[in-house]
Structures are given as C-alpha cells and as structure tokens.
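A closer look at the structure
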Amino acid sequence: MDDPVKSATKTNGLHKTNGTNGHHQEELKIAIIGQSNFAAEVLEVLLEREHIVVGVFTIADKGSREDVLAATARQLGIPVFKFSAWRRKGVPIPEVLEQYRSVGANLNVLPFCSQFIPMEVIDGAAFGSICYHPSILPLHRGASAISWTLIEGDERAGFSIFWADDGLDTGPILLQKQCPVYGDDTLDTLYKRFLYPEGVTAMAESVDMIAAGTAPKIPQTEIGASYDPALFREENQHLDLNQPALRIFNFIRGLDSVPGALATVEMTDGQQVPVRLYGASLSARRNLSNGKPIRFKGATGPSVVTREGIFITGTDGALVRVKRLKRGNRVIPAGQFYEQAQTKQAPLELSDKEQEQDALLRSIWKSILKVEIEAETDFFACGAGSMDVVRLVEEVKDTLEVPISNETLFMAPMYGEFLQEVVLRLRNGGSERGSDIGCDYKHVLLKANRRQIRVPTQMFVNGQFVDAERGKVLPIVNPTNEQVICEVASATKADVDMAVEAADEAFRGVWTSVSARERGQLMYKLADLMEQHKEELATIESIDSGAVYTLALKTHVGMSIDAWRYYAGWADKIEGTTIPVNPARPNHVLTFTKKEPIGVCALITPWNYPLMMLSWKMAACIAAGNTVVIKPAQVCPLTALKFAELTVRAGFPPGVINVVTGSGSLAGQALADHPLVRKLGFTGSTPIGKRIMASCADSNIKKCSMELGGKSPLVIFADCDLEKAVRLGMSSVFFNKGENCIAAGRLFVEDRIHDEFVRKVMKGIKTMRIGDPLDRATAHGPQNHRAHFEKLQEYCAIGLKEGATLVCGGKRVSNLSGFFFEPTVFTDVEDHMYIAQEESFGPIMVISKFHASDFDALVARANNTEYGLASGVFTKDIQKALLFAEKVEAGTVFVNTYNKTDVAAPFGGFKQSGFGKDLGKEALNEYLKTKCVTVEY
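Fair warning: this is a prediction, and the values are worked out from it, not measured in the lab.

With that settled, consider the packing of aromatic side chains. In the structure shown here, the tally under the stated rule is 29 aromatic pairs. Measuring from centroid to centroid gives 5.4 Å for Tyr 191 and Tyr 196, while their planes differ by 90°, and the two rings are edge-to-face. The class of Tyr 196 is buried, set by a relative accessible area of 9%. Judged by centre distance (5.2 Å) and plane angle (85°), the ring pair of Trp 365 and Tyr 415 falls under edge-to-face. Of this pair, Trp 365 sits in helix α8 (residues 352-369) while Tyr 415 sits in helix α11 (residues 415-427), and the two are 50 residues apart along the sequence. Neither Trp 365 nor Tyr 415 differs from the other in exposure class; each is buried. Through successive ring pairs, a cluster of aromatic residues spans Phe 38, Tyr 132, Phe 159, Tyr 191, Phe 194 and Tyr 196.

Dropping the structure here:
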C-alpha cells in the first residue's frame, strides 16, 4: 500500500504532493470573495491556521460605510479590492479581472457573496473555488435557503461547502454538516446556533483538506433537488393566511427577524395597514372570547388581538400566536396593536448629563452605520445587519452601563426612539420605560399635614389605573370624623380575571427577561421612592386607617421600606443545593435543586397595617421572581393605590404588580378561586382563613400561607423589672389602638404584684392622649371602621355579663366624633370566660392572676387556646424565661420585651393562628418551589 503521506493526490485536475520528507507542495494563495461578518471571521480563522490570503474582494462602500470584511482585512494588512459589480451587461469588466489576477490567487473562497462572480474568476484559480451554502444541497438551492428550510418544515437543517461551477448551487460537494430543527427555531436562532459558528469552522476545515490534498468532489444528485424563490423580493414575503396553522407558523418563523412575514390589516375605517409579523408560536388555546377581532386582508378565518398577542386561525382550526409586529418603522408587541395605533410619545427634555450620553450614543451609532445620525435615522434602513445589532447593544451596555437587549433596538429602531428608551432606563436605574404614569388617572386630593396629596381611586391593572366593571365603586370613610374620603373602584370577578391574566402574562413574558439582580435594583428603587414619599404615605395611612401619624411614619411606613430593602438584597441570592446520591456504577450522577418562582401570587391583606402587611408579603413574593395581584382591605385601600403609583415610577413592568380594590366576599373570593393563581398569602381572621383554605384546595390546590387570629399570652412574674413590664405591657395591648395581630390578648400577672401592676397601668392610661391621629402629640387614634368599633362594644358587654371586673373604659370616647374607643382594662378574668378565649383586636387589656408555685399549670393556662401567634414573658430568672419559651405554643416569644419585630426575623403562628412565615429568609420559601434535577453521565 502506498504511504499516504508521500503519495501524490489529484485535486481539481492538478497534481500536488504533501510537503513532508522533502517533497515540494505548492502553497495555497487564497482570495476571499464576499462580504459580512461571516466572511470576516472566515478570514481570521484561515490566518490563525497559517494559510496565506493574498487578497480580499468585497462590495463597494455604502456611502461612507465600509463592509466589515474590508475593515477586517485592512486591519490585518491584506490587500482589499471593492467592486460594485464584476460584470457589466453579462460581460466581465476587464479592469476588475485585471485587479483580481494581480494577486495571483490559486484558490477562491466564497463564504458569503451576494454578487455574480464571472466564470473567468471561478475557473481562474488553479485549485478552483469553494462556496458556502446554508442548506443540505441539493435541497433549497437559491438565496433564501435558511428561510425555506423552516418554511417547508424540514426536520433537519445544515450547510454545504461545494465546488463552484457554472450552475446555481449545483457544484460537487466538498463537505456537509447537519443539525436538528427545533420547534422554537427561527431564521435568526438557526443561523446563530449552528449555521454561522459551525459554518466558519467548516470553511477553514475545507481549506485544510484542500491544502492536504484530501478534499472530495461528490457530484450533486438531482433527486430531491429544489430551487426556491428569493425572499428578499417583497412579492415573495406575503403570508398566505388560508392554510393550516403549522404552515402559517413556519412561514412567519422562516422570515423572523429579517425581513418579516408581510400581511395587511384591514381597519374598520377602510384603511389598509401593512404589517410584518414576528415571534410566532403554535398555540394550544381554544377560548379567545376576551380578544378584539382583527381582520387580515384575504384571510377567511378569524383573528383576534389579546394582551398575549395576535391569534390567527388556520384552516385546520388551530391557532398561531404572534408576539410582535412591525408597523411602519416601529416594532411593537402585537397585543398592543390597537393601543399603539395612534400613540406618539412626547420627546424628552435632556439634562446636561443626558446630553453627554446622547453624544456618546450618537458616536456609537455613527461608528457602526458610517452616516450622520439624526432623530429619524433608522438603524436597519441604513443597512445594518444582525452582527451590527450585537455590536450596538454590547457597546451601549458597556459605555452607558444600561441593561438593554436586541429586542430594545427592534422595538425602537429609529435613533430618537432608541435614545428615549435608553435615557428612560437610565433614569429608572436600568429598568424598562414607564417611569411616570402621568396625571390622567382618577384621584382624590387629600389636604392634610400641610400637604396636598394625590391618591389614585381606580384599580391598578397591567400598569394602568382603570375603573371597575360598570364603574362600580365603594365609599372609603375617615375613621376620625366618619366622613367619606372618596369612592374607590370595587372589583368584580371579571376585573379580578383581568388582573390575574395580566400578572400571568407578565410572569411568562416581560418579567422573565428581568434578571434577579435587576429585580433587586427595581426593589431598591421602589424603597427609595417610598422613603422620599414617606410623609405622604404616613399621612394617607393616618387618614385612611386611623393610625397615629408618628407611629405610621416609624412603623407602618418605616418597616415597609425596611422590608423592601431587605428582600431586594435577597433577590440575587436565592439558590439551590447539590446533593450527593448513590450512582448506578460505573456511571456518575449529579443531583441538584433549583429554587423557582411559583407564578401568579394573590395577596389578601388586613386593615390594621395596610402598607406594612402589603410590604411584608409582597417584597418576599417579588424578590422570589413572582408576579402579584393584591387585594387590600376593603375599608382602607388608599396606601396600596399610592404604592401602585410608586411601582410605576420605580420602573416595574406592567402586569408584575396589580392592585384590585373591593370586597373580600367578591374580589377576595375570586382570587382564592382563580385557576391561574398558584399561591395565596392571607392575613386576617381565622374563620375567613378557613374558607380561603377550602377555596384554595377546591380550585387548584394552590399553595397558601395564613397569618390568622391570635390570643397571645403575656406572663409577668413578680421578679421582673416592674416599670418596664408596665410600660411594655401597655404597649403590648394598646399599640396601634390594639389593632395588632400579636397584641397581648391576655396578661397573666403574678398575684404578688397584680394590684400594683393594675394601679400603674391605670396611671399610664390617664396620661395617654386620645384624639386626631395627625396631631403629633396623640398617642391613641380611632378604631379602623364602624363594624369593628361596634364589635368592641359587644366584646366588653360580654365580659361584664360573664363577671369580669371592668376597671376602666369599655365605651366610646364621649367628647369626640369618630370611632374613638377608650383604653379598657378587665381584671378577675377566669379561664372559661369569652374574653379569656377570644381576641378583641382592640385596646382591651384582659388580666388574670396566677400563683408562681405551679409553673407547669401556668404554661398550660397560657396554651389553653386554639391560637398560637405570639407570647411574652417578663422575669429576671433566665431559667424560667427559657423554660417558658420552650413550652409555650406560639410562633414568636418575647422575653423582657414585646412587639419587637424585625424584617430579618421570621413571623408566623401555630395552631389556628395559621402557618407559613412572613419576614426573614424563611418567608422566601413561601413564594418558591423546589425542583430537583438528576443527571447521569
């Protein structure tokens, strides 16, 4: 057998020998003919492999814009020749041929070439000419091969490197490579995933084979050959809508993203609007009753516009969803076709710093496009291609440190629009546009605290304030004077459906493109805005819920801000674990877990801490990556609506946070029943919590967490610091007017100090100032609303009837209008009494005596309740304190303090006080699901 290293091989009719063992090998002298980034990368790879490139022949400049192949060659010191054409009237141009021949090339490499190259050039190189073609020849010959691979529904795509001849893509095959076509592939993804990177490598491999004398020439068969129309011609870009859904889908993705499938919308006024369609997918949906009809010219089947996009019905009844469309020069979400039909954004007024950013941005555009940049300059109309998009996006991200994507440019291809998008994101700390919702929503103007505060009165759905169905409203009453503050929207089931669908769409769409770190940045921005507006929020809370202003400022609002900052820090630190498992030897196994967001979460919050309860739950929910629909308490929703306004200013995308106002029996129940809601967090009474749990189970077994009623015991031993115990004991009951979930519902005071304790409490009550919650000296404001106020009166009447001693209070404050209830103290309370078993949720201190001789009996009395939210003990004996903490059945135990909660400490109860946690790291688990992944290798 001949030695293959020493033997001569015949390539393209020429004899050559390998250059080993002293044999002479003729060197390849390569001419690269073509254009684009693809050709430029082929040039660079060939040079890396130490091939000799003697010249680059490319297209003429477009204005002052040089093709990237020419620029790359010039930087590498390779002669560059630019021709607008190689032939004139079918005849080679002599001076062009002369320049080509001047480099002495013996191999032509055509990675991508849009020009007709004369046969005098193709056959003029001793080793011939090789071309790259993006299909598995002989299938899909022609200029639009990738598109037709998708349009025809081929299961496999690929490329061919072939020897050029006088036919159109008909020469012998040198090399072919294939890949599967995935269901979500488009023209862009197929090119970037396989045809581009593998094609560059394959072109270099082909040249290596030619140099080694091993390059084959396999004649193409005509069996299965096809030649497809060129899709750069507009007449071939029109979408036939009267065919099965799969064919419609394949045509759209075959032209995505350049040039885009062309269709015409027939408007109701007779106007015909040409559009290009992008982002197609086959949809399993069947019910489109909530969509708005849209008519495409020539289509026999119906099409509708929904928030999710445009749905086109194929002749087989199946649906195709289109996510984006281009109208004129602007790409918009298809679901916003009607909304954006007549909208035009006002130009921004730039600050000095933003003008500097404008100059930097213009310089980047100019360096890519090689033209002067005006507001109307269209990036793609200037001839920019896909790699130009990548370059622009990366340079803008690096230079201005703003997170944008290719989609940003597709949505705003004109410079003025793009500048506006970038500036708005910079203003919003890197988030999407939409930092200001304007002043056109319905609102009430609150005049208080030397302020005028605009508060929305509509629901907040999908980034907009909207009326409830049929304009339904409910009155909001100021508990200080019993006057109506305003009317707010009262959501119906249809309104809840709309909010949940918006949250679901955001979760599956725009929210997925926001990284965990960007999510945290949005939350920090929101916390900063809450800090800037804290006096307004505290004022609203005082007027709406009766909270004392100073307490609202420190706790209601202050702790809300703390919660958002705390969970903003957690957003990019949520992680899974790796788990050692037993492998099936000899194989290896990797098992790991992922923490993933649940989806759409519903939150139903109470009226005692409107903003704080919202923040405790929602901050963890958002940090985990969920979207949310919250129903604040029916009687005091105003801070939630003002909060919604701040989320827009912070830059949260539409649909991520939604607020539906209304009754619990209607709007709250609709959330509990909704099949798209996957998690429900509730704070409220135990009876309502039971009903919600049943609804969560019956609807779709949604995950739920419950913070319910409490009857928290506070034990005060005689060896305590009495002054501190009195001060904090009063706070444990009267804090926030007793409207406090962890309020000490029952005080057990050791008999030796009982009377002194009561005397000091009475003295303290006399110093409490009751009155206008906005007065900085006020210590005790009105109860939240009339129904609750009347229940407190009934509660005290039952206590008296059962024989408890009413030491003070038990009635309305006589000299004040509004829901003011006197701080109340009951003593001689026996374990069997109603007021010993049930919480008042008001400023009512319930005191029972105990003897210290039987510690276990005391703990049994403390635990003799169906509730287990919180508890407390005052003693200087650390052994007693720790034994009590060990034995008491409560989710929170305070020792020598009370009401000392922190955003980093988990909060939640036992027994019928509920389950699950707010606050702390543990609360994140309420809004996450754990996925286990096992890989064998």
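The discussion continues.
Our focus in this paragraph is the sheet that holds strand β36 (residues 844-850). Judged by pairing direction, the sheet is mixed, and its seven strands sit side by side in the order β34-β35-β36-β33-β32-β38-β39 without closing on themselves. The open sheet has two edge strands, β34 (805-808) and β39 (892-895), and neither has a second partner. Between one strand axis and the next, the sheet turns through 20° on average, direction left out of account. Here five bridges tie strand β32 (residues 712-716) to strand β33 (residues 744-750), and the two strands are oriented parallel to one another. By the bridge assignment for β33, Val 715 is matched with Phe 748. Helix α21 (residues 754-767) rests against β32, β33, β34, β35 (824-827) and β36 of the sheet, and its axis sits at about 165° to β36.

Position of Glu 541 relative to the elements: it lies in helix α14 (residues 534-545). The class of Glu 541 is buried, set by a relative accessible area of 1%. Residues Glu 541 and Asn 608, spaced 67 residues apart in sequence, show a C-alpha to C-alpha distance of 9.9 Å. Dropping the residues within four chain positions of it, Glu 541 is found in contact with Gly 546, Ala 547, Ala 552, His 556, Tyr 609, Pro 610, Leu 611 and Thr 639. Within the local environment of Glu 541, its side chain forms a polar contact with the side chain of Thr 639, the two groups lying 2.8 Å apart.

Now for a nonpolar patch on the surface. A surface patch of nonpolar side chains, about 380 Å² in accessible area, is lined by Phe 116, Leu 168 and Tyr 227. Mapped onto the fold, Tyr 227 is located in the loop between α6 (187-212) and α7 (245-254). For Tyr 227, a relative accessible area of 53% gives the class exposed.

Turning to the side chain of Asn 449, a few remarks are in order. Along the chain, Asn 449 turns up in the loop between β19 (443-448) and β20 (451-456). Here the side chain of Asn 449 touches Arg 776 through a polar contact of 2.9 Å, side chain to side chain. Discounting chain neighbours no more than four positions away, the residues touching Asn 449 are Thr 539, Tyr 549, Leu 774 and Arg 776.

Turning our attention to the environment of Leu 641. For Leu 641, the position within the fold is in helix α17 (residues 638-650). Owing to a relative accessible area of 0%, Leu 641 belongs among the buried residues under this scheme. Note: C-alpha distance between Leu 641 and Gly 317 (324 residues apart in sequence) is 43 Å. Leu 641 has contacts with Pro 456, Thr 457, Gln 458, Phe 465, Val 488, Val 659 and Thr 661, leaving out every residue within four places of it along the chain.

Parameters at a glance
- Residues numbered from 1 in each chain as written.
- Predicted model: local features only at pLDDT ≥ 70, side-chain atom pairs only at ≥ 80, totals over all residues.
- Heavy atoms only, no water.
- Phe/Tyr/Trp six-rings, centres within 6.5 Å; stacked < 30°, edge-to-face > 60°.
- Buried < 20%, exposed > 50% of the residue type's maximum accessible area, 1.4 Å probe, protein only.
- Helix = DSSP H or I, 4+ residues; strand = E, 2+ residues; numbered from the N terminus.
- Pairing = 2+ DSSP bridges.
- Axes fitted to C-alpha atoms, helices over the stretch in contact; angles between N-to-C directions.
- Contact = heavy atoms within 4.5 Å.
- Polar contact = N/O pair within 3.5 Å; in protein donor to acceptor, adjacent residues only side chain to side chain.
- Patch = residues over 30% accessible without salt bridge, like charges linked within 9 Å, V, L, I, M, F, W, Y side chains within 5 Å.
- Areas by Shrake-Rupley, 256 points an atom, 1.4 Å probe, with all protein chains shown as cover.
- Salt bridge = Lys/Arg side-chain N within 4 Å of Asp/Glu carboxyl O.

These results come straight from atomic positions and should not be treated as a statement about function.
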